[in-house]
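Okay, here's what each chain looks like letter by letter:
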Amino acid sequence: MTSTTEITRNAAFLAHRYDENSDAFQFVELTREQHRRCTFLTDEYIPEQSGRTMVRSQDVDLDKGAQAPVNFIFHSAFACSTMMARALDIEGVSMGLKEPIVLNDLVGLKRRGAAPARLSAALERSIALLSRPFSTDEKVIVKPSNIVNSLAPSILEMRPAAKALFLHAPLKSYLRSLAAKNMWGRIWARENAIGILEDGDLIGGFTSADLLRLTDIQVAAVAWLSEHARFAKMIERFGADRIKSLDSDKFLSNKHDTIARLSIFFGLALDKDQIENLLAGPAFTQHSKDFSKFDSTARLDQHSNVDDSNGEEIDMVVQWSAAVAVSQNISLELSAPLL
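Because the structure is a prediction, the values reported are computed rather than measured. (Residues numbered from 1 in each chain as written. Predicted model: local features only at pLDDT ≥ 70, side-chain atom pairs only at ≥ 80, totals over all residues. Heavy atoms only, no water.)

Participant: Is there a simple way to explain the overall build of the chain in this structure?
Facilitator: Helix and strand counts for the chain come out as 15 helices and 8 strands. Against the 2.2 N^0.38 benchmark of 20 Å for 339 residues, the chain shows a C-alpha radius of gyration of 20 Å, consistent with a compact globule. Across its three principal directions, the C-alpha atoms of the chain cover 60 × 50 × 40 Å. Looking at the chain residue by residue over its 339 residues, the buried ones come to 52%. Roughly 15400 Å² of accessible area belongs to the chain as shown, and the carbon and sulfur atoms make up 50% of that amount. Between the mean site of the 38 positive side-chain charges and the mean site of the 44 negative ones, the chain shows a separation of 2 Å. (Helix = DSSP H or I, 4+ residues; strand = E, 2+ residues; numbered from the N terminus. Rg over C-alpha atoms; globule rule 2.2 N^0.38 Å. Buried < 20%, exposed > 50% of the residue type's maximum accessible area, 1.4 Å probe, protein only. Areas by Shrake-Rupley, 256 points an atom, 1.4 Å probe, with all protein chains shown as cover. Lys, Arg positive; Asp, Glu negative; His and termini not counted. Charge placed at Lys NZ, Arg CZ, Asp CG, Glu CD.)

Participant: How should the environment of Glu198 be read in this particular structure?
Facilitator: Looking at where Glu198 falls in the secondary structure, it is placed in helix H8 (residues 182–199). Sequence-wise, Glu198 and Arg112 are 86 residues apart; in three dimensions their C-alpha atoms are separated by 9.4 Å.

Participant: Would you take a moment to explain empty space enclosed by the protein for this structure?
Facilitator: Left-over empty space is what a probe sized like a water molecule reveals as it rolls over the atoms. This structure, assessed with the given rule, holds 1 cavity of 30 Å³ or more. Computed from the structure, the largest cavity encloses a volume of approximately 80 Å³. Ala11, Phe13, Leu14, His35, Met95, Leu97, Leu129, Leu130, Arg132, Phe134 and Val140 together form the lining of the largest cavity. Here the residues of the lining of the largest cavity are counted per class, giving 9 nonpolar, 1 polar and 1 charged. (1 Å grid on protein atoms, 1.4 Å probe; cavity = no way out; pocket = protein on both sides within 12 Å on 5 of 7 lines; lining within 4 Å. Points joined across faces, edges and corners; volume = space filled by probe spheres on them. Nonpolar A, V, L, I, M, F, W, Y, C, P; charged D, E, K, R; others polar.)

Participant: Just checking my understanding: could you explain the packing of helix H12 (residues 255–265) against helix H13 (residues 272–279) for this structure?
Facilitator: Between H12 and H13, the shortest axis-to-axis distance is 10 Å and the interhelical angle comes to 130°. Considered as vectors, H12 and H13 are oriented oblique to each other. With respect to the hand of their crossing, H12 and H13 are arranged in right-handed fashion. Between H12 and H13, the contacting residues are Lys255, His256, Ile259 and Ala260 on the first element and Ile275, Glu276, Leu278 and Leu279 on the second. Each residue belonging to the contact of H12 with H13 can be placed in one class, and the counts come to 5 nonpolar, 1 polar and 2 charged. (Axes fitted to C-alpha atoms, helices over the stretch in contact; angles between N-to-C directions. Parallel < 35°, antiparallel > 145°, perpendicular 65-115°, else oblique. Left-handed = near helix turned anticlockwise from the far one by under 90°. Contact = heavy atoms within 4.5 Å.)

Participant: What should I look at first to understand the environment of Arg36 in this one?
Facilitator: Structurally, Arg36 is set in helix H2 (residues 32–37). Put simply, Arg36 and Asp89 are 53 residues apart on the chain and 8.0 Å apart in space, counted from C-alpha to C-alpha.

Participant: Looking at this structure, I do not really get the layout of surface pockets. What am I missing?
Facilitator: Approximately 350 Å³ is the volume attributed to the second largest pocket. If you trace the second largest pocket, you find 21 residues lining it, with His228, Ala229, Arg230, Ala232 and Lys233 closest to the centre. Per-element tally for the lining of the second largest pocket: the top contributor is helix H10 (residues 216–238), with 10 residues. When its residues are assigned to classes, the lining of the second largest pocket shows 8 nonpolar, 7 polar and 6 charged.

Participant: Which parts of the structure should I look at to understand the packing of aromatic side chains?
Facilitator: The relation between two aromatic rings is expressed through the spacing of the ring centres and the mutual angle of the planes. According to the stated counting rule, one finds 10 aromatic pairs in the structure shown. Considering the side-chain rings of Phe40 and Tyr45, the 5.9 Å spacing of their centres and the 75° angle between planes classify their relative orientation as edge-to-face. A connected cluster of aromatic rings, assembled from ring pairs, spans Phe72, Phe74, Phe166 and Phe231. (Phe/Tyr/Trp six-rings, centres within 6.5 Å; stacked < 30°, edge-to-face > 60°.)

Participant: Which parts of the structure should I look at to understand the sheet that holds strand S5 (residues 94–98)?
Facilitator: Hydrogen bonds between backbone groups are what pair the strands of a sheet, and the pairing can be parallel or antiparallel. As summarised here, the arrangement of the 5 strands in space is S5-S6-S4-S7-S8, forming an open sheet in which the pairing is parallel. Every other strand in the sheet has two partners, leaving S5 and strand S8 (243–247) as the edge strands with one partner each. Taking the axes of each pair of neighbouring strands and ignoring which way they run, one obtains an average angle of 20° across the sheet. Across 5 bridges, the pairing between strand S7 (residues 164–168) and S8 is parallel. Bridging across to S8, His168 finds its partner in Asp247. (Pairing = 2+ DSSP bridges.)

Participant: Before we go on, may I ask you to explain the pairing of S5 in this structure?
Facilitator: Where a strand is regular, its side chains alternate between the two sheet faces. Counting buried positions over the 5 residues of S5 gives 5, a clear majority of the element. A two-sided burial pattern is seen for S5, the buried positions comprising Ser94, Gly96 and Lys98 on one face and Met95 and Leu97 on the other. Bridge analysis of S5 against strand S6 (residues 139–143) gives 5 bridges, and the strand direction is parallel. If you follow Ser94 over to S6, its bridge partner there is Lys139.

Participant: Explain the sheet that holds strand S3 (residues 52–56) to me, please; I cannot follow it from the model alone.
Facilitator: Taken together, 3 strands build an open sheet; the order of strands is S1-S2-S3 and the sheet is antiparallel. Strand pairing shows two members of the sheet lacking a second neighbour, strand S1 (13–19) and S3, which therefore form its edges. If you compare each strand with its neighbour and ignore which way they point, the axes differ by 30° on average. Where S1 lies against strand S2 (residues 24–29), 6 bridges are found, and the strand directions are antiparallel.

Participant: I would appreciate a short explanation of the nonpolar core in the present structure.
Facilitator: Generally speaking, a soluble globular protein has its nonpolar side chains buried in company with each other. Core analysis: the largest hydrophobic core is formed by 55 residues, its most contacted members being Met84 and Phe266. In this view, Met84 contacts Ile73, Leu165, Leu167, Leu246, Phe251, Thr258 and Leu262; residues no more than four positions away in its chain are not counted. The next biggest cluster of nonpolar side chains, apart from the first, holds 51 residues, and it includes Leu41, Val55, Phe72 and Leu106. (Core = buried A, V, L, I, M, F, W, Y, C linked by side-chain atoms within 4.5 Å.)

Participant: Explain unusual backbone geometry to me, please; I cannot follow it from the model alone.
Facilitator: Glycine aside, negative phi is the norm for most residues, and most peptide bonds take the trans geometry. For Phe78, which is not glycine, the phi dihedral falls at a positive 55°. Mapped onto the elements of the fold, Phe78 is located in the loop between strand S4 (70–75) and helix H3 (81–87). Positive phi, normally seen in glycine, also occurs at Asn182, with a value near 55°. Structurally, the position occupied by Asn182 is in helix H8. By relative accessible area, which is 53% here, Asn182 ends up exposed.

Written out as structure tokens, the structure is:
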């Protein structure tokens, strides 16, 4: 039987869930290759046969000296963040963790009104567990779900050496990607806005009745503006030395420069050949969700199809959003650009 110490000190045991009732973590045993095959680190993608073990928080035995430097990719969805996390899974250099759901559990804990001390303790332990490297000298890069953005200030406060990339899609690209998902995308847009409202971060100027009068695409735009405002506040608070911003269109148009500059920012020290190998690898040639053939041309084709059916509405909402942004003093361009 595997000991508690081995489970909590070994990166092969992913800290998967946090159970607030028992104050315990569920660990799932995953090889590095299984990590790669998981689109996200959620039950939908983790193999059912993977061994699972519960460990009480008080029994978590961490070797703090063995924890890797950890950086973060925070995002506002539909921004190619999974592509980037996959690209930064470089054996011997860095490990990209794609939306570990344990952090989502802590968002739920926060939204249910947990005491700040309890939430802070669980978050501190979660980040420490996610910082365990698969091999010596590797860095860890965590790409949380976008709902974790409400915890980003606390995470950066807890890890003063950590750096973060704020990756976002330009508003029009964001709305196109959402519309391409049809009804499910529109449902997600409202659920996302509700979550930001529960976090206390939805922009002002709208009563509940006002929000109900908005179309799904308008609600999505309000959420996007709210995320932009949230990111802007964090850049101002933590500074450009620790945070860089990037929009997905610039990323896709400048993949080489993006990876090269991100390598410097995250301290990965990638050389020219390593960057070229990454650009030719599966992260940039396969769809991040189903691993089918995919590239930036396919993304443009998808957006073109959306424009045929939703283009007029999206253009109107983009113009409306610009006016809302002016009224709320929100810049549509984030400061501290990576490129």
